[in-house]
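A structural walkthrough
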Amino acid sequence: MTAHWQGLKHLPGNIPPDLKAVDQWLLWKAVPRGDRVDKVPYQVNGELASSTNPRTWTDYETALAVLEESNGAYAGLGFVLTNTDDFAALDFDHVVDPETGALNPAVDRAVGSLHSYAEWSPSGTGVRVILRGGLPNGAVTSETLQAWDWGRFVTITGHSLNGSAVLAPDADTLKSVIGYFSPPKERSATGGEAPERSEWVDNILTGKVLHDSLLRLTGSLVAKGVPQRDVEAMVRALKDQSA
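Now for a quick tour of the structure. (Residues numbered from 1 in each chain as written. Predicted model: local features only at pLDDT ≥ 70, side-chain atom pairs only at ≥ 80, totals over all residues. Heavy atoms only, no water.)

With that out of the way, let us pick up the sheet that holds strand β1 (residues 25–33). Across the sheet, four strands lie side by side as β2-β1-β3-β9; this open sheet has antiparallel pairing. Of all the strands in the sheet, just β2 (36–42) and β9 (152–156) have a single pairing partner and so form its edges. Neighbouring strand axes in the sheet, compared pairwise and without regard to direction, differ in orientation by 45° on average. With two bridges connecting them, β1 and strand β3 (residues 76–81) associate as antiparallel partners. Counted as the bridge partner of Leu26 is Gly78 from β3. (Pairing = 2+ DSSP bridges. Helix = DSSP H or I, 4+ residues; strand = E, 2+ residues; numbered from the N terminus. Axes fitted to C-alpha atoms, helices over the stretch in contact; angles between N-to-C directions.)

Shown next, in the form of structure tokens:
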């Protein structure tokens, strides 16, 4: 069964021209599956689409026309990421406070640091960043962040956060963002479970301590799986030496 979508509607005027110019578009329907709603891709002819079959994609204007004439049968449009283009997507899930409507501060800072097109997800509770350049270590799946650069489609709403073009972020900044939201499983030197997180390190990574060089160094160490207590000791020592 297809659900009548109650989320954000597609806004054509805000879609970056770089995305509109590529014939990698499809439609999607909201399909309830238990307690969740799956986003199922469709071709403009009404048949199922595939994120790995270019014959099932189309140009932006054709997909938009079908969406607008569908009387709600389709929930929105999706853009396919392939291994022959240089687009990638970061998808931050459930990052809006349900009581205040405020965006998670760490996600807010991450979006600002990447300097590329960002928008609200169809549900209005997540944020997508579309950028140029591949991901440093391939696809990412964690509790808050998923990221892909090929073989998937990403829903596009046009509900922009920043009005930016699709740009290539600083490589170290991208690694820091991915490292913070999907760090390798930390372990202590004895092989046991990692010690608890360092509030001092988290304050740097979430922007409570505004220092770009500390952010890059800290994010890089966390991304490599260094336990946060060790990161704190190293970064504090370097900070003291440069003071």
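There's plenty left to go through after this.
Okay, helix α2 (residues 60–69) next. The set of residues buried in α2 consists of Tyr60, Ala63, Leu64 and Leu67. Around the axis of α2, the buried residues are gathered within 100° of arc, so they sit on the same side. Across from the buried face of α2, at angles greater than 90 degrees, the exposed residues are Glu61 and Glu69. Where the residues of α2 are buried, they touch α1 (17–20), β1 and β3. Structurally, the start of α2 carries an N-cap: the backbone nitrogen of Glu61 is 3.3 Å from a side-chain oxygen of Asp59. Downstream of α2 by one or two residues, Asn71 has phi in the positive range, about 55°. (Buried < 20%, exposed > 50% of the residue type's maximum accessible area, 1.4 Å probe, protein only. Arc of directions from axis to C-beta. Contact = heavy atoms within 4.5 Å. Polar contact = N/O pair within 3.5 Å; in protein donor to acceptor, adjacent residues only side chain to side chain.)

Moving on to unusual backbone geometry. A positive phi angle is found at His94, which is not glycine, with a value near 50°. By the element assignment, His94 lies in the loop between β4 (87–92) and α3 (105–114). In this structure His94 comes out as exposed when scored by relative accessible area, which is 69%. Even without glycine at this site, His115 takes up a positive phi of about 55°.

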